[in-house]
Amino acid sequence: MKLRDATLSLFVLVAASLAAVGCSGSDGEISVESAPGAPTDAPNETLFTVKVESAREGGYDASTLEVKATPDGKSAVTVTCTPVETSVNGKLEKGEKLTCTEGATNVFGKDVVGKEIDVELFAKIDGASERVGSATWKP
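Residues numbered from 1 in each chain as written. Predicted model: local features only at pLDDT ≥ 70, side-chain atom pairs only at ≥ 80, totals over all residues. Heavy atoms only, no water.

S.K.: Go over the sheet that holds strand E2 (residues 46-54), please, and point to the residues and values.
M.R.: As summarised here, the arrangement of the 7 strands in space is E1-E2-E7-E5-E4-E8-E9, forming an open sheet in which the pairing is antiparallel. This sheet does not close on itself; its edge strands, each paired only once, are strand E1 (29-34) and strand E9 (128-137). For this sheet, the mean inter-axis angle between neighbouring strands, taken without regard to orientation, is 30°. (Pairing = 2+ DSSP bridges. Helix = DSSP H or I, 4+ residues; strand = E, 2+ residues; numbered from the N terminus. Axes fitted to C-alpha atoms, helices over the stretch in contact; angles between N-to-C directions.)

S.K.: Explain the state of the cysteines residue by residue, including any values.
M.R.: Applying the stated rule across the entire model yields 1 disulfide. Two residues, cysteine 81 and cysteine 100, share a disulfide whose sulfurs are 2.1 Å apart. Linking cysteine 81 and cysteine 100, the disulfide has an S-S dihedral of approximately 110° and is accordingly described as right-handed. Taken together, the residues span a long stretch of sequence, with cysteine 81 in strand E5 (residues 77-84) and cysteine 100 in strand E7 (residues 97-101) at a distance of 19 residues. (Disulfide = S-S within 2.5 Å.)

S.K.: Hey, could you go over the pattern of salt bridges for me, with residue numbers and the actual values?
M.R.: Counted under the stated rule, the structure contains 3 salt bridges. For glutamate 66, the salt bridge goes to lysine 68, with nearest N and O atoms at 4.0 Å. For glutamate 66, a relative accessible area of 29% corresponds to the partly exposed category. Linking glutamate 120 and arginine 131 is a salt bridge whose minimum nitrogen-to-oxygen distance equals 4.0 Å. Taken together, the residues span a long stretch of sequence, with glutamate 120 in strand E8 (residues 117-125) and arginine 131 in strand E9 at a distance of 11 residues. (Salt bridge = Lys/Arg side-chain N within 4 Å of Asp/Glu carboxyl O. Buried < 20%, exposed > 50% of the residue type's maximum accessible area, 1.4 Å probe, protein only.)

Written as structure tokens, this is what we have:
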């Protein structure tokens, strides 16, 4: 009876581990390149470019993309990004980019220069928003 319980426990553990790996939501890889010039205290600045280094087959629907930047110790901020597609098919694929700006409210000012900021790319996959890549930006 103990062997059966141990086998069942092992099975449940392996199944849970595989489920966690399959549901990670990070099936791609991105890199972030800072815009020329450091952020100032003015709004509407171009902050950085996100490049898709690897992506799922078929890419990500460009209309569902969302980029969040999280300064250390602060809440995530959704930044406005414009796809720079080379394939012009409505999908963001490996090698393609997003140019990101902060919008009408200045969030990333002089105080973030030299600090590491986490950047995450999200896309809708099967109807749910999934994180598909993350990187660090240091303005």
